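Coordinate inspection notes
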Amino acid sequence: MPTHEDRNRCHYVMAFIAETLRFRNVVPTGVAHKTLVNTKLDKYTIPENMSVMVYQGIICRNEKDWQNADEFTPERFIDSEGQYITTRPKAFIPFGVGRRVCAGEKLAIADLFLVLVRFLQSTQDYDIVLDSNDGIPLKLILISQTMPDV
Ligand code: HEM
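As a starting point, this report considers the structure included with it. (Residues numbered from 1 in each chain as written. Predicted model: local features only at pLDDT ≥ 70, side-chain atom pairs only at ≥ 80, totals over all residues. Heavy atoms only, no water.)

**Re the overall build of the protein chain**
- Scanning the protein chain from N- to C-terminus turns up 3 helices and 4 strands.
- In sequence order, the secondary structure elements of the protein chain are arranged as α-β-β-β-β-α-α.
- For the protein chain, the residues scored as buried account for 30% of the 150 residues in total.
- For the protein chain, the computed accessible surface area is about 10,600 Å², with 56% contributed by carbon and sulfur atoms. (Helix = DSSP H or I, 4+ residues; strand = E, 2+ residues; numbered from the N terminus. Buried < 20%, exposed > 50% of the residue type's maximum accessible area, 1.4 Å probe, protein only. Areas by Shrake-Rupley, 256 points an atom, 1.4 Å probe, with all protein chains shown as cover.)

**Considerations on the site of the ligand**
- By nearness alone, 17 residues border the ligand, and His33, Gln56, Phe95, Arg100 and Cys102 come closest of all.
- Taking His33, its side chain carries an N or O atom lying 2.5 Å from an oxygen atom of the ligand.
- Between Arg100 and the ligand, the recorded distance is 2.7 Å, taken from a side-chain N or O atom to an oxygen atom.
- The class makeup of the residues in the shell around the ligand is 12 nonpolar, 4 polar and 1 charged. (Near = heavy atom within 4 Å. Polar contact = N/O pair within 3.5 Å; in protein donor to acceptor, adjacent residues only side chain to side chain. Nonpolar A, V, L, I, M, F, W, Y, C, P; charged D, E, K, R; others polar.)

**Quick look at the coordination of the iron atom of the ligand**
- Just one protein atom donates to the iron atom of the ligand; it is Cys102 (SG), sitting 2.2 Å from the metal.
- Relative to the assigned elements, Cys102 resides in the loop between helix H2 (56-59) and helix H3 (105-122). (Donors = N, O, S within 2.8 Å, 3.2 Å for Na, K, Ca; no water.)

**What to know about unusual backbone geometry**
- If you check the backbone angles, Asn49 has positive phi at about 65 degrees while not being a glycine.
- Mapping Asn49 onto the fold places it in the loop between strand E3 (44-46) and strand E4 (51-52).
- Although it is not a glycine, Asn68 sits at a positive phi angle of roughly 45 degrees.
- Following the sequence through the fold, Asn68 ends up in the loop between H2 and H3.
- Take Asn68: its relative accessible area is 43%, and that puts it in the partly exposed class.

**Remarks on the packing of aromatic side chains**
- Under the counting rule described, the total for this entry stands at 4 aromatic pairs.
- With centroids separated by 5.5 Å and ring planes inclined at 75 degrees, the aromatic side chains of Phe16 and Phe72 adopt a geometry described as edge-to-face. Of this pair, Phe16 sits in helix H1 (residues 11-23) while Phe72 sits in the loop between H2 and H3, and the two are 56 residues apart along the sequence.
- You can call Phe16 buried: its relative accessible area is 15%.
- Cluster of aromatic residues (ring-pair linked, three or more members): Phe16, Phe23 and Phe72. (Phe/Tyr/Trp six-rings, centres within 6.5 Å; stacked < 30°, edge-to-face > 60°.)

**Some thoughts on the pattern of salt bridges**
- All chains considered together, the criterion is met by 7 salt bridges.
- For Arg88, the salt bridge identified is with Glu105, shortest N-O distance 3.1 Å. Of this pair, Arg88 sits in the loop between H2 and H3 while Glu105 is found in helix H3, placing the two residues 17 residues apart along the sequence.
- Of the residues examined, Arg88 reaches a relative accessible area of 33% and is grouped as partly exposed. (Salt bridge = Lys/Arg side-chain N within 4 Å of Asp/Glu carboxyl O.)

**Side note on the environment of Ile109**
- With respect to the helices and strands, the residue Ile109 is situated in helix H3.
- Accessibility expressed as a relative area gives 11% for Ile109, which makes it buried.
- As a C-alpha pair, Ile109 and Ala18 span 91 residues in sequence and 8.8 Å in three-dimensional space.
- Those residues in contact with Ile109, other than ones at most four positions away along the chain, are Arg7, Met14, Ile17, Leu21, Arg88 and Phe95. (Contact = heavy atoms within 4.5 Å.)

**Considerations on a nonpolar patch on the surface**
- Taken together, Val26, Val27 and Val31 make up a surface patch of nonpolar side chains, about 280 Å² in accessible area.
- By the secondary structure assignment, Val26 is in the loop between H1 and strand E1 (33-34).
- You can call Val26 exposed: its relative accessible area is 66%. (Patch = residues over 30% accessible without salt bridge, like charges linked within 9 Å, V, L, I, M, F, W, Y side chains within 5 Å.)

These results come straight from atomic positions and should not be treated as a statement about function.
Take a look at the structure:
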């Protein structure tokens, strides 16, 4: 059974989770917030009581911050030593940003790790093939046998 401590050793699994959160944002438009006062943000003036949403799905996939942003590449979170890069790029904001950042981020990552590892362990004798009919290119098909050791 995987434990929380195993996260420090399972670099590719952690990178896979991070890339999944980047690539297919769970909350792409973030959660709506409201300005309490007239607010200046860069060159924009936002009046008070205005709804503001951070389009984090785009920020997590813009070409300026991410090389080949439209490709699913867990390796972008792995350094040259094969270690999971724990320092988050500034455009990695699947849990939002600022004071109202997701309160459950740590719990979510911990659970995703345990569930994913158990899933891989119990399906290692099978090929896992995703439906490619809705625009997802075939190269994204995940075949468990091709996964590096976790
Ligand atoms: C993959 C899983 C999750 C994702 C991607 C996610 C994402 C988010 C996002 C984008 C926000 C809005 C942040 C903002 O306003 O800038 C948020 C808020 C929040 N999330 Fe999550 N969340 C996840 C799991 C969880 C879990 C497991 C919990 C609790 C057990 C949780 C509790 C909260 C709470 C309480 C807030 C509101 C924080 C506040 O407004 O101060 N989330 N989450």
